[in-house]
Structure formats: C-alpha cells, structure tokens
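The primary structure of each chain is shown beneath.
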Amino acid sequence: MPAPRDLPIYELESAVVASLRAQGRLIVQAPTGSGKSTQIPQMLWRHGLLGEKGEVVVLQPRRLAARMLAKRVAEEAGTRLGEGVGYQIRLESRVSERTRIRFVTEGILLRQMSFDATLRGVSAIVFDEFHERHLYGDISLARAVQIQQSTRPDLRIVVMSATLDAGALRTYLAPCEVLVSQGRSFPVRIEYLPKAVNFEHEPVWEVAARECERVAAQTGGDLLVFMPGAYEISRTVQAIEGGRGLRGFVVFPLHGELSPEQQDRAVERYDARKIIVATNVAETSLTIDGVTAVIDGGLARVARFDPHRGINTLLVEKISAASADQRAGRAGRTAPGVCVRLWTEREHGLRMPQELPEVKRLDLAEVVLTLKASGIEDVFAFPWLEKPDPAGLARAEALLADLGALAGERKTITDIGRKMLRFPVHPRYARMFLAAEERGCVRPVALMAALTQGRSFLIRNVDKRTEEAREELLGEETESDFFLLMRAWRYAEQASYGLEACRRLGIHAQGARQVGPLFEQFLGIAEQEGLDVAEKRIDGAAVRKCVLAGFSDQLARRLDGGTLRCELVHGRRGVLARESAIQRAPLLVAAEISEIGRGDGEVSTLLSLATAVEEGWLKEIFPDDFRETRSVVYDAQSKRVVTRRERRFRDLVLEAKASSDEAPLDAAAALLTKEVLAGRIKLEAWDDTVDQWVVRVNRLAEWFPELEVNPITDADRATLVEQICYGELGGRALADKPVMPVLRDWLTAEQLAVLDDYVPERLVMGNGRKARLTYAKEGPPVMSARIQELYGIEGRFAIGHGRVTVKFEILAPNHRPIQITDDLTNFWREQYPKIKAELSRRYPRHEWR
Ligand code: ADP
Ligand code: MG
C-alpha cells in the first residue's frame, strides 16, 4: 500500500525537511487525521534525515496506537512489520537490526537513554500526541534536549500534536520552528442530554446504546462510542447488539486488552455500517475513517497517584472540555457530523477545561529512578518542562531509598536500584519481583501486585452471615490479608465472577474481574525478564518477605496488645483496620494507608491490607537499616543510670529494654554529675558548710599564694562531684553519699591544717565567745553578731595571722543588720550612743549597757 500523498500533512513536507536540515528541533501542529503519525516518520526516512542506517524513534502515549501505527506504516512503506518498521511496547517487541522507524511507548526510550547516553543508532526522535502531556513524553523530551546539547548535536527532535499550546513549548525548545497545518474538517453538531442521568441507576452503556439507535437513524456514516474501559466497552457492545434498532450494523470493541487481530478488525472497512466502541485511544491517537457520529460517555480511566496505596492507579474520571472537543472532532473528518454527549450542557460548563499534565498528578518514583540511572543526581535541578511539586520529588526519593534503590546523602542509585530498572513497573513491584526471584515465589507476588492496583474487592464491614460464609469458604487467616484476598479472588474467578456467588462472600464482582488481566500483565513482565513464573506450592513466609521488601516504608509495630494502635516508620502513628485478619502480629506492613477524617476534626490513619512480618526478616532484607544499640542513659523517672538496649528499624524502635546493672561506672558517674550540676539530683551532704569550705579553700589560695593551694574552679567542682558519684548508679545511695572525704582530699594534710589556722570557721573573741565567720567569693570575711554578744569587746580583728581584716556586721535583737564596721572601739564611741535610745525603746526587755 503506497503512502497516501493526498493527506493534508504533505502541505508541510518540504517545510519539515528544510527546517530539520537547518535546525535540530521542530514542532508540528496539525489536526487529527492529517497524517502526522504515519507520514512524518516516513518523510524523515525518505529524505535521508536518518542517515545511512539510523532510526527514528516515535514515542507514543498508548500501546495500542504504537502497535497499530507500526503495522499501518509498515504496509505503506512496503516492509514487513518488525523489519523496516517496528514497535516496542511493554511485553511486546517487533524490531530488528534493520528497523528504521520504531514506535515505542512509556519508559522504553527513557530507559534506553539511561543505558546509553549517546543514543547510538538513533537519528531522530518524534514525540507524538504531545498535548497529552504524558509523564514519559515530558521527561524523555527533556533528556533528548540534554543529549542533543551535549553528546549528540546531530540528533533531530520533532514534537507533534493536534492541539497544542505551542507557546511555552516553543520557548522551552528554542531555537525551534513551529509548522502548522489547518487540515480539513467539517462542522460537527453537538447535542447534550436534556436531563442529567445518574449512571449508578442507569448504566452508561444502556444510555449509550439508546443514543446510538437514535442517532443511527438520523445519519448515514459509522458511529464511534467512547467508554472508559474494557468492561464498559463490552457491556456497551452487548447492549447495542441486544437492541432492535441496530440490526445490520457491525459492532467492534477497541481497547488495549484485545488481541491484535481484534484491534485490527475495528479499523477495517465493511460494507455494513459500523459502530466502534473505544477507549480514548480513538480520541486523537488513531483515526478511524468514515465516522460521522460520536457518542461520548464523557468518562476516561485516568492515571493518578493514590496516596492510600502509594502507587499510581487508574481511576474512572470525567474528561475535560478540551478532551470532549477532540472526541467530537472525530465525527467531522470526512463529512459534517454529530456528537452526542451523555451529560447536560450545564454540567459541561463545570468540567475542567484541560487535563493536568501527568507530571503534576502521578507518583514520580519510577522516573526518578530512571533519571538517577542516567546519572542525573539532582532531580530537583533537572530541566523539567513543567516542574513537579518538590514534595512529590522528595517523596519519590524517600520511597526509593526505603526500597534500597538509592543510598547515601546524595541519594545515588544502588545495585538493587539498577536491577529494579529491569522491570517496567512501579519500583515497589520491581523491588518485590527482585525479592520474589530470589525466593522462588514470583507467581503469588505478581498476583499481589495485581491485587493492589484496584480498590479492594472484598467489601468491608459485612454482616454476620457473609462473615461466616467467608470463613467457611476461604478459611481462617493469620499471616496476611493478601492471602485472604488471593483466595477470595480464586473463588470469584472459579465462579466466573457470577454476581450471586460473589455477593455471598461480599465480593465486588466487577473489582475482582479486573484483577485477572493485571495478573497476566505482571506475570508477562516477570516472564520476559526471565523469572520463573511456574505454579508452585506457596511458601507463605517467602511471599510475606517479598511484601516487606516492597512496603518497608509502611512497616508498623503494635503499641500494645489491647488496642489496634501502631507506630510506623517515619514517625507516623496509625490504627490497624478492625477487619484485618492480622490481629495478633506485633510487627506488620500495611499495603494500604488511608487518612480518615473523624467527627472531632482530627485525622486518624487507618492501616489495612496488612501482612505479618518478623523482625529477623528486616535484618535479612535491609541489613543497613537495622540497628542494635546499647546506650547508657540517665532515666529521669527512676532517677537512675540504666543501660538501654534498643533495636531500631530506621527510625522505628522495635524494642527498648532498660536494666540498671552492668552500666560502666565511668559513664554512670559522668551522667550523674551532669544531673547533680544541673540541680536535678541533690547530694544531701553537700550543704552550706560544704559550700563555705570550698570558698575558704579558694580564699586561702587567693590571700596566701605562698601556700601554693590550688583554688577549686567550676571545672574542678565537676571533677569532685564526679568522684563523689563514682561507684553509684543513682537513687538514695547517691543522695546520701558523704562528700567531705572527697573534698578534703583536694588538700594535703599540711594544707588542711593551714586552712583552719589561716581561714578559720570561727573566731574566739575577748569575751570567750566563739563567733562564726562568713566567707564570700569576694570581700573580707564577715562576722555577724548581735549587739549584746559584743559587749566588752573592743578594737579590730583579723585572720591569717593579722593579714586579713574581719568586718563586723552588727545586728539588732531581731537579727537585722544595723551597722557594718571593722573597728568596734570606734563603733562604741561614735555610732552606738546615737542609736542606743531608740533601740532600748524598741527592745525594752534586752540589756542595754
Ligand atoms: P494524525 O497522526 O495526524 O492524526 P495519522 O497519521 O494517524 O494522522 O493518520 C492519517 C490517515 O491515515 C488517517 O486519516 C487514516 O485515514 C489513515 N490511517 C492511519 N492509520 C490507519 C490504520 N491503522 N488503518 C487504516 N487507516 C489508517
Ligand atoms: Mg497521530
């Protein structure tokens, strides 16, 4: 089949070629059906832009489109599929040494870039359907630009789209030309439902079949119906075939889960009128000729990060207004057409104008790992076309570190990380596959991966009867909620997802049905990587170890036996779901974590889909994250030094044990000293007299330097306290410990004798009384005495053989100081007469000489 030269894109042929000869970057904008995807790669080939043997890689967002385009282009170019033209999608590859045009999807190109930064053999890269803003499109483009700027200035980059706001992209790619073709299209009349329909009550496929019937009677061409997924499509096909008004029509489903033959059948031409029921693959990726009417269900499966499961998941959501316009356009390709939207005009006004780019809504762990493998250490500084949320990037790095794929301060890729890249799945599952490969349990692990993709199909909080039926048919479970779920799925599968059988066990039949194809997909990926996927007897512990490998970031330890409260790694807390079968395990991983708002405004974290794990496994799988420490600490509660033995997994304390024996005495003394100096432990024997003794020693050193006494500094004081504490662990024994024996050791025997002689505690006065002296850090020694005690005493006093004058603090009978002096004779003569009258009046019962 020759290339159809009358397609609108040929207006641009010479411009495309000239532009790419002059400059390595180009944006091509032309409506769907113009011939971008099929013709532009061929133009590059024909005009020698691929060199002698080089290839053009065309990145497609959809697998189905990649395969069908390759087939079509191979036919047009007159080569066999897999020879001159081929494709490479997850699980399927038709390429050879001779391939010049290669259609690829998802991470295949990015992975190739991470293994070979020079992209040997690739002459050009075409980014198709760029308006969809798929994560891999964005990132592969950024990488391609980097490679073009560094190692491969000759690399040609073409970005194509039907509807693209080229402004921002053009700036990003500058210098870069934009070539636009208007294409040809005919007007499409838009019809809305007059009244909103609740698809919960009237399924969307029934509404669609009814509208098909109505529209088919009014138009002449083929019909295209948009539905979100395989299941809705098959129900729609059934509903159409069951209706009377559409006899004589041929009806075909079109989606990614069909066999290639079935997919081809949908785009072939027939004598009878045709109805195609498709996913949004038919929105812009594939053009089906002859369609004049579109019935749009308004829904699509959209990939989105699901924080409950920490992975990307497909959710059925309402499409944006821009997407709806693209779908409508499919009716006006060859003649005027009609598009019926299965929603109201009012509701249309409430729809999002545009989808968010995937980089803004998907988990980034997989691409971050691929970037790290390409040598891009700082993913925050990567030239993103649109910067993702930094928190999302940090989350991706943290998860990868927990999986063992990144390590170190700079989060560089590890051997495990590189091995994980083999599997084109989310890093969680890649890690699980690695663990499963080692332990020979790939099959159950693939099933578990499939089970975590959709919402749980086991309905929560079922009635007593259903609970009993579950127990009877599925048996008891204590190791993992996954095992129960696996048995429930087997049961549903064997019952062919019959509604009645499923209802008996509280199984959501539709949810269970979706697991099968996913399971096959995961098995396929494992098999492609050479893993042994044979059915074997399941070793429960091995499978649970694999769960741990993939979900170690959600490890939880039960806080007590009485409640379901748990402590998790990364400082989180949560509560194990009541319906979990794993009620006894002290240690578990939760595959699902959801935050639930409670009545009181607080948020509680619910852990479900739990698997019991054992501590030894943590050591086995994550030896670097497991720590056993022994530390000597002061326990404020018991006021004792204890030895605390702790086992931690990352920041989660698995077990902490304290015992007071066997603490090394040095460490204990140091800890106790800190407490004593901070005033938190009181040494009863260290009273004012002891403080005075210390001051006396210090003044002795100061006043009589020739005696060569060392003063007691704050640091010395700590040393002394440490000596006092030595041998104790705290408690009463320490509080009651005598201190003077240690202090006295500070001085030699001679110095001790000199201390009492030079800086005495008391002074004997002329009247025979012994009076206490007070020493302060500064100033002279002070003797305080009431007037009556000083009668008959005259003159000055001194200590230290007359070298340090003593000050008198003369007190009234109430012990209030009334005078400070160093000469009593002077006091009696000068001051005393002036105050005597006043004092004797106030204290008449005392003696006043
Ligand atoms: P664009 O990428 O601009 O949307 P395509 O290159 O996909 O356009 O398609 C150009 C034309 O080639 C379509 O209008 C259609 O007629 C035809 N075509 C493309 N793929 C197929 C196919 N698999 N089977 C039949 N016709 C096809
Ligand atoms: Mg296209």
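Computed from a prediction, not measured in an experiment: that's the story for all the values here.

Asks: Is there a simple way to explain the packing of helix H2 (residues 36-46) against helix H3 (residues 63-77) in this structure?
Replies: Between two packed helices, the angle of one axis relative to the other and the distance separating the axes together describe the packing. With their axes 10 Å apart at the nearest point, H2 and H3 run at an angle of 50° to one another. One finds that H2 runs oblique with respect to H3. Judged by the sense of rotation from one axis to the other, the crossing of H2 with H3 is right-handed. Residues Ser37, Thr38, Gln39, Gln42 and Trp45 of H2 form the contact with H3, whose own contacting residues are Leu69, Arg72, Val73, Glu76 and Ala77. Residues of the contact of H2 with H3, tallied by class, amount to 4 nonpolar, 4 polar and 2 charged.

Asks: Teacher, can you tell me more about the sheet that holds strand E33 (residues 817-821) here?
Replies: Backbone hydrogen bonds are what pair the strands of a sheet, in a parallel or an antiparallel way. In space, the 5 strands of this open sheet follow the order E27-E28-E29-E32-E33, with mixed pairing throughout. Because the sheet does not close on itself, it has two edges, and the strands there are strand E27 (762-764) and E33. The average angle at which neighbouring strand axes cross in this sheet is 30°, direction not considered. Its contacts with the sheet place helix H30 (residues 824-842) against strand E32 (807-811) and E33, and it is angled at close to 165° to E33.

Asks: Could you clarify how one ought to interpret the sheet that holds strand E9 (residues 188-192) in this entry?
Replies: One open sheet holds the 6 strands; their spatial order is E9-E16-E13-E10-E12-E11, and the pairing between them is parallel. Of all the strands in the sheet, the pair left with one neighbour each is E9 and strand E11 (250-254). Ignoring strand direction, the axes of neighbouring strands in this sheet form an average angle of 15°. As paired elements, strand E13 (residues 291-296) and strand E16 (residues 337-341) share 4 bridges and run parallel to each other. When the bridges of E16 are listed, Ile295 appears paired with Val340. Sheet contacts for helix H9 (residues 260-267): E11 and strand E12 (274-278); angle to E11, the most-contacted strand, approximately 130°.

Asks: What should I look at first to understand the nonpolar core in this one?
Replies: Side chains of nonpolar character tend, in soluble globular proteins, to be buried together. Judged by nonpolar contacts, the single largest core of 121 residues is most densely connected at Phe127, Phe433, Ile507 and Leu555. Not counting chain neighbours up to four residues away, the residues in contact with Phe433 comprise Phe423, Val425, Val442, Val445, Ala446, Phe522, Ala526 and Leu531. By size, the runner-up hydrophobic cluster in this structure holds 60 residues, among which are Val695, Leu763, Phe797 and Tyr832.

Asks: Would you explain the site of ligand 1 in this entry?
Replies: Around ligand 1, the structure places 14 residues, and the nearest of them are Gly33, Ser37, Thr38, Asp289 and Arg333. With respect to ligand 1, the side chain of Lys36 contributes an N or O atom lying 2.9 Å from an oxygen atom. Contact distances for ligand 1 include 2.5 Å between an oxygen atom and a side-chain N or O atom of Asp289. Starting from 560 Å² of accessible surface for ligand 1 in isolation, the protein chains cover 90%. Comparing atom positions with the cavity grids shows ligand 1 to sit within the second largest pocket. Counting residues per element, the ones that place at least two in the shell around ligand 1 are H2 and H3. The leading source of residues in the shell around ligand 1 is H2, at 3 residues.

Asks: It is not clear to me how a negative patch on the surface should be interpreted in this structure. Could you clarify?
Replies: A cluster of acidic side chains, namely Glu468, Glu471, Glu472 and Glu476, defines a negative patch on the protein surface. Within the fold, Glu468 resides in helix H17 (residues 464-474). The exposure class of Glu468 is partly exposed, given its relative accessible area of 49%.

Asks: Looking at this model, I keep getting lost on helix H6 (residues 166-173). Mind explaining?
Replies: An α-helical turn contains 3.6 residues, so a residue and the one three or four places further along point in the same direction. Ala166, Leu169 and Leu173 are the residues of H6 that are buried. Each buried residue of H6 sits inside an arc of 70° when the element is viewed along its axis, so together they form one side. Seen from the open side of H6, the exposed residues pointing more than 90 degrees away from its buried face are Ala168 and Thr171. Of the surrounding elements, those touching the buried residues of H6 are strand E1 (25-29), helix H5 (135-149), strand E7 (156-161) and strand E8 (177-180).

Asks: Please clarify how the layout of surface pockets should be interpreted in this entry.
Replies: Sizing a probe to match a water molecule and rolling it over the atoms shows the empty space that remains. Empty space within the second largest pocket amounts to approximately 1200 Å³. Every element with two or more residues in the lining of the second largest pocket is listed here: H2, H3, H9 and helix H10 (321-329). A total of 6 residues in the lining of the second largest pocket trace back to one element, the largest contributor, which is H3. Per-class residue counts for the lining of the second largest pocket are 13 nonpolar, 17 polar and 17 charged.

Rules of the game
Residues numbered from 1 in each chain as written. Chains lettered and ligands numbered in written order. Predicted model: local features only at pLDDT ≥ 70, side-chain atom pairs only at ≥ 80, totals over all residues. Heavy atoms only, no water. Axes fitted to C-alpha atoms, helices over the stretch in contact; angles between N-to-C directions. Helix = DSSP H or I, 4+ residues; strand = E, 2+ residues; numbered from the N terminus. Parallel < 35°, antiparallel > 145°, perpendicular 65-115°, else oblique. Left-handed = near helix turned anticlockwise from the far one by under 90°. Contact = heavy atoms within 4.5 Å. Nonpolar A, V, L, I, M, F, W, Y, C, P; charged D, E, K, R; others polar. Pairing = 2+ DSSP bridges. Core = buried A, V, L, I, M, F, W, Y, C linked by side-chain atoms within 4.5 Å. Buried < 20%, exposed > 50% of the residue type's maximum accessible area, 1.4 Å probe, protein only. Near = heavy atom within 4 Å. Polar contact = N/O pair within 3.5 Å; in protein donor to acceptor, adjacent residues only side chain to side chain. Areas by Shrake-Rupley, 256 points an atom, 1.4 Å probe, with all protein chains shown as cover. 1 Å grid on protein atoms, 1.4 Å probe; cavity = no way out; pocket = protein on both sides within 12 Å on 5 of 7 lines; lining within 4 Å. Sits in = over half its atoms within 2 Å of the grid points. Patch = residues over 30% accessible without salt bridge, like charges linked within 9 Å, V, L, I, M, F, W, Y side chains within 5 Å. Salt bridge = Lys/Arg side-chain N within 4 Å of Asp/Glu carboxyl O. Lys, Arg positive; Asp, Glu negative; His and termini not counted. Charge placed at Lys NZ, Arg CZ, Asp CG, Glu CD. Arc of directions from axis to C-beta. Points joined across faces, edges and corners; volume = space filled by probe spheres on them.

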